Amino acid sequence: MQLNWLFFLDPGTHAAIIITAAALTLAIAAEMYRPRRELSAPLGWRWGNNLTLAVLTWYVSHVASLAFILFLARWTQIHQFGLFHDYQGSLWLPLLVMLLVTQFISYVTHLLFHHVPWLWAVHAVHHSDVDVDVSTSFRHHPFEPLVFLPLLTPIVLLLGVPPAAVLGYKIVDIFLTIFSHSNVRLPRGLESTLSRFIVTPDFHRVHHSSESQFTNSNYGNIVPWFDYLFGTARKRDFDSHERFELGLEYARDRRSGRLDRLLLAPFSRRSTERRAGTQQN
């Protein structure tokens, strides 16, 4: 069993590439047809910098990490290790268990990214976008996914989830990550219903508000369940989504969104001194 994930040779990673392309295409079409907000920054400038950064982050977070956890999942099946290593039933059960466990870890990790200064300095790259649309989906500093991957490794090993369930989970993760960041206007009733089960664009947009009381809420990545459970879920009036300010109260100028500035941002004294929980007006 070889680990050829660095060179896209793992067949499982092909699904990540195809699903990402399909989800991006659908989200872009939906944003053009039914946009939620009018974008404030020049589209070409934002997209050029966001998507260049996204290529680095997307590869680490979704292609390389998927190949790695598929490798681990196959290892657990071969060596009969983990909770589900000899499970013969439907894939829905191990998939659901993996979803619950990983999303809880994701929730806690995301909360720490907002309240530990050196982690916030990395995560602030994502929040510094003055607009939120499909290009924001993977606008993360390349260091950020490297924090979560070591936490994911023991989960995959201890659960022994079948590779097919791992792949199914990752497909859902990619699709809903793109969906939650899309600048799409959903009907009020549909938005309200969906936000109980998955992270919707409006639910996640609240998290990107420049007001710290909202920035420090809605930590769920693809499901909002732990936000509701632990009282960190926040909502804003449906009509206010078209006008409240996004991003941070600093790093709002065009130069701050340049690729080199985004990559160097975690090392900026200003970023390390000002975390989301202590933003000043």
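Only a predicted model underlies this, so the values are computations on that prediction, with no experimental measurement involved. (Residues numbered from 1 in each chain as written. Predicted model: local features only at pLDDT ≥ 70, side-chain atom pairs only at ≥ 80, totals over all residues. Heavy atoms only, no water.)

Asks: Help me understand the overall build of the protein chain in this model?
Replies: When its secondary structure is counted, the protein chain shows twelve helices and zero strands. Whereas a compact globule of 281 residues would reach a radius of gyration of roughly 19 Å, the protein chain reaches 19 Å, a difference of no more than 12%. Look at the contacts in the protein chain between residues 6 or more apart in sequence, and 78% of them connect residues 24 or more apart. Of the roughly 13,100 Å² that the protein chain leaves accessible, carbon and sulfur atoms contribute 66%. (Helix = DSSP H or I, 4+ residues; strand = E, 2+ residues; numbered from the N terminus. Rg over C-alpha atoms; globule rule 2.2 N^0.38 Å. Contact = heavy atoms within 4.5 Å. Areas by Shrake-Rupley, 256 points an atom, 1.4 Å probe, with all protein chains shown as cover.)

Asks: Explain the side chain of Thr-153 to me, please; I cannot follow it from the model alone.
Replies: Relative to the helices and strands, Thr-153 resides in helix H5 (residues 143–159). Classification of Thr-153 by relative accessible area gives buried; the value is 18%. Thr-153 has contacts with Phe-68 and Leu-72, leaving out every residue within four places of it along the chain. (Buried < 20%, exposed > 50% of the residue type's maximum accessible area, 1.4 Å probe, protein only.)

Asks: Help me understand the nonpolar core in this model?
Replies: In a soluble, globular protein the nonpolar side chains are often hidden away together inside. Counting residues in each nonpolar core, the largest one holds 39 residues, and the members touching the most others are Met-98, Val-156, Val-161, Val-166 and Ile-178. Mapped onto this core, the elements with two or more residues apiece are helix H1 (11–33), helix H2 (43–78), helix H3 (92–115), H5 and helix H6 (163–181). (Core = buried A, V, L, I, M, F, W, Y, C linked by side-chain atoms within 4.5 Å.)

Asks: Explain the pattern of salt bridges to me, please; I cannot follow it from the model alone.
Replies: In a structure, side chains of opposite charge can pair up when their charged atoms sit close to one another. For the structure shown, the criterion picks out eight salt bridges. Close ionic contact of Glu-242 with Arg-36 constitutes a salt bridge, the shortest N to O distance being 3.6 Å. Taken together, the residues span a long stretch of sequence, with Glu-242 in the loop between helix H10 (225–230) and helix H11 (259–264) and Arg-36 in the loop between H1 and H2 at a distance of 206 residues. Taking the shortest distance from any N to any O, the salt bridge between Arg-188 and Asp-239 comes out at 3.7 Å. (Salt bridge = Lys/Arg side-chain N within 4 Å of Asp/Glu carboxyl O.)

Asks: Explain the packing of H2 against H5 here, please?
Replies: The packing of two helices is summarised by the inter-axis angle and the distance between the axes. Running from N to C, H2 and H5 cross one another at 15°; their axes reach a closest spacing of 10 Å. In terms of axis orientation, H2 runs roughly parallel to H5. In terms of crossing hand, the pair formed by H2 and H5 is right-handed. From H2, Thr-57, Val-60, Ser-61, Ser-65, Phe-68, Ile-69, Leu-72, Ala-73, Trp-75 and Thr-76 reach across to H5, where they touch Pro-145, Leu-146, Leu-149, Leu-152, Thr-153, Val-156 and Leu-157. Across the contact of H2 with H5, the residue classes tally to twelve nonpolar, five polar and no charged. (Axes fitted to C-alpha atoms, helices over the stretch in contact; angles between N-to-C directions. Parallel < 35°, antiparallel > 145°, perpendicular 65-115°, else oblique. Left-handed = near helix turned anticlockwise from the far one by under 90°. Nonpolar A, V, L, I, M, F, W, Y, C, P; charged D, E, K, R; others polar.)

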